Amino acid sequence: MDVHGTVAEGFEPVGEAFARNFEALGERGAAVAVYRDGRRVVDLWGGARDVDGTEPWRRDTAQVVRSATKGVAAAVLLLLHQRGELDLDAPVGRHWPEFKAHGKERVLVRHVLNHRAGLPVLDRPLTPREAADPLRSAEALAAQPPAWEPGTDHGYHALTYGWLLDELVRRVTGRGAGEWIASEIAGPLGLDLWVGLPDAQAGRVGRVGPVDAPEPSGVLRARPKRSVADAYADPASLTRRAFAAITPFPDQNDPAFRAAALPAANGIATADGLARFYASLTGPVDGVRLLEAATVDLARAEESAGPDRVLVVGTRFGLGYMLHGGASPFLGPGSFGHPGRGGSLGFADPETGIAFGYVTNGFRRTVTADPRAQALIRAVRQALGRGGDR
């Protein structure tokens, strides 16, 4: 497999790991970018643009990054807080009065970000058309009773996170989250990243699809714990219902799906777009920094930890970001970011100055810790151990 791009001196292990992902882990097409202290030190791509095609991946190829979108969307609420336009400890109903029904007057803005709102499911799932309609999704959430007492426990809001956040942004600013990201985040930073893909960019986006993991050589394949497998198999479980809040789930290659703004699930980005975004959270990138140090500390302070009512395994969340841990290993204890189900990943590690972005067109049955991304993280750690470029 031909790998294209550049690697700064000291970061060669990342290039080697990226190439091995194609040889040993069934990668079809992917890209990885790494920044250190606001400067790009890894920019690699390879394989086919489409999971089922042969046209080569190019440097500007973008892909659907699924839940990696959540980390970008979280920055919207954090920036509004930083600017004094939104109180994280205010009730959501202060901005969205209709939301107060069924005991939800106790849901705080921070509960939207830390997955403690108690609203991971909808009693009546939305159709793809309804899911793309901000009015319909807001009405559905306003009418939904919480699955547990808000604030008392946490469970991953796989799809509802995006509608909750989008309506809050709309009520506070008059714009949807996708518009806000385009004008206040992607525009100033020059990011190849969209939540709601413009028609003019459609030709850059590859086709995504499921891929099987290669059979390991000489060892037994690890299987999920019985409790996790049972939760995904049970139609009545919070797990299944959370991921089925849109039923049937849209074809992620459908132009209508890509044009919709779903801040939990359908962001589209290049690896560089994701990495550059995370670099701007913790330091300046070409003179632009998004979050102040105090806001970064808020974002990565532990808000939720322990058994997750939806994902079943133990998870850790700050404000809108997964934190380093067994379910979502990043670079180190201070790292914060968000994976996308099936592979994609973006995160920042302020202690080392690293920001990381990985996108792929081959989705595997992983939710938070894809082996391909983990191999790249280990390589970054190896490079830093060697005193990688700074």
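Note: the structure precedes this text.
None of the values given here were measured: they were computed from a predicted structure. (Residues numbered from 1 in each chain as written. Predicted model: local features only at pLDDT ≥ 70, side-chain atom pairs only at ≥ 80, totals over all residues. Heavy atoms only, no water.)

K.L.:
Please provide a residue-by-residue account of the overall build of the protein, values included.
P.N.:
Scanning the protein from terminus to terminus reveals 14 helices and 14 strands. The C-alpha radius of gyration computed for the protein amounts to 20 Å, which stays within 12% of the reference 21 Å derived for 390 residues, consistent with globular compactness. Looking at the protein as a whole, 57% of its 390 residues qualify as buried. Of all intrachain contacts in the protein linking residues separated by at least 6 positions in sequence, the fraction that spans at least 24 positions is 68%. For the protein, the distance from the average site of its 45 positive side-chain charges to the average site of its 46 negative ones is 3 Å. (Helix = DSSP H or I, 4+ residues; strand = E, 2+ residues; numbered from the N terminus. Rg over C-alpha atoms; globule rule 2.2 N^0.38 Å. Buried < 20%, exposed > 50% of the residue type's maximum accessible area, 1.4 Å probe, protein only. Contact = heavy atoms within 4.5 Å. Lys, Arg positive; Asp, Glu negative; His and termini not counted. Charge placed at Lys NZ, Arg CZ, Asp CG, Glu CD.)

K.L.:
Requested: an account of the pairing of strand β8 (residues 304-307), with residues and values cited.
P.N.:
Side-chain positions along a regular strand alternate between the two faces of the sheet. Two strands pair when backbone bridges link them, and β8 and strand β9 (residues 314-317) are joined in this way by four bridges, in the antiparallel orientation. Within β9, the position partnered with S304 by the bridge is F317. Between β8 and the antiparallel strand that follows it, β9, lie six residues; V312 among them carries a positive phi value of about 75°. (Pairing = 2+ DSSP bridges.)

K.L.:
Give me the packing of aromatic side chains: which residues, what numbers.
P.N.:
A complete count under the given rule lists 12 aromatic pairs for this structure. Measuring from ring centre to ring centre gives 6.2 Å for Y278 and Y321, while their planes differ by 70°; the resulting arrangement is edge-to-face. Of this pair, Y278 sits in helix α12 (residues 271-282) while Y321 sits in the loop between β9 and β10 (322-323); the two residues are 43 residues apart in sequence, bridging distant segments of the chain. Across the pair, Y321 and Y278 agree in class, each one buried. Summarising the aromatic geometry, the rings of F330 and F347 are spaced 5.3 Å apart at their centres and angled 15° between planes, so their arrangement reads as stacked. Taken together, the residues F330 in the loop between β10 and β11 (336-339) and F347 in strand β12 (residues 345-349) connect sequence positions 17 residues apart. Note on accessibility: F330 and F347 belong to one class, buried. (Phe/Tyr/Trp six-rings, centres within 6.5 Å; stacked < 30°, edge-to-face > 60°.)

K.L.:
Hey, could you go over unusual backbone geometry for me, with residue numbers and the actual values?
P.N.:
Note: most peptide bonds trans; most residues except glycine with negative phi. In this chain, T247 is followed by P248 through a cis amide linkage whose omega measures -10°. Notably, H102 is not glycine yet its phi reads approximately 65°, a positive angle. Mapped onto the elements, H102 comes out in the loop between α3 (92-95) and α4 (109-114). A relative accessible area of 49% places H102 in the partly exposed class. Positioned with a positive phi, D286 is a non-glycine residue whose angle comes to about 50°. Mapped onto the elements of the fold, D286 is located in the loop between α12 and α13 (293-300).

K.L.:
Please give an account of the packing of helix α7 (residues 160-173) against helix α8 (residues 177-189) that cites residues and values.
P.N.:
Where α7 meets α8, the axes come as close as 8 Å, and the angle between the chain directions of the two elements is 70°. The orientation of α7 with respect to α8, classified from their angle, is roughly perpendicular. From α7, L165, D166, V169, R170 and T173 reach across to α8, where they touch A177, G178, E179 and W180. Residues of the contact of α7 with α8, tallied by class, amount to four nonpolar, two polar and three charged. (Axes fitted to C-alpha atoms, helices over the stretch in contact; angles between N-to-C directions. Parallel < 35°, antiparallel > 145°, perpendicular 65-115°, else oblique. Nonpolar A, V, L, I, M, F, W, Y, C, P; charged D, E, K, R; others polar.)

K.L.:
Outline α8, listing residues and values.
P.N.:
In this model, α8 (13 residues) spans 17 Å end to end at C-alpha, consistent with the 18 Å of a helix rising 1.5 Å per residue. Where α8 bends most, the angle comes to about 30°, and this point is S183. Among the structural elements, α2 (69-82), α7, β5 (193-194) and α12 are those in contact with the buried residues of α8. Count one or two residues on from α8 and you reach G190, which has phi positive near 65°. (Expected span 1.5 Å × (residues − 1). Bend = angle between axes of the 7 residues up to and from the residue.)

K.L.:
Requested: an account of α2, with residues and values cited.
P.N.:
Helix length check: α2 (14 residues) gives 20 Å between terminal C-alpha atoms against 20 Å at 1.5 Å per residue, within 8%. Within α2, 12 of the 14 residues are buried, which leaves it mostly tucked inside the rest of the structure. Immediately downstream of α2, the backbone of G84 shows phi near 80°, a positive value.

K.L.:
Tell me about the side chain of S280, and name the residues and values.
P.N.:
Secondary-structure assignment places S280 in helix α12. Excluding residues within four positions of it along the chain, S280 makes contact with L189, V285, V288, R289, L290 and L291.

K.L.:
Please set out the layout of surface pockets residue by residue, giving values where relevant.
P.N.:
Approximately 200 Å³ is the volume found for the second largest pocket. Taken together, P128, R129, A131, A132, I246, P250, D251, D254, A256, F257, A260 and L262 make up the full set of residues lining the second largest pocket. Broken down by secondary-structure element, the contributors of at least two residues to the lining of the second largest pocket are α5 (128-131) and α11 (255-259). Among the elements that take part in the lining of the second largest pocket, α5 stands out by supplying three residues, more than any other. (1 Å grid on protein atoms, 1.4 Å probe; cavity = no way out; pocket = protein on both sides within 12 Å on 5 of 7 lines; lining within 4 Å. Points joined across faces, edges and corners; volume = space filled by probe spheres on them.)

All quantities given are derived from atomic positions and should not be read as evidence of function.
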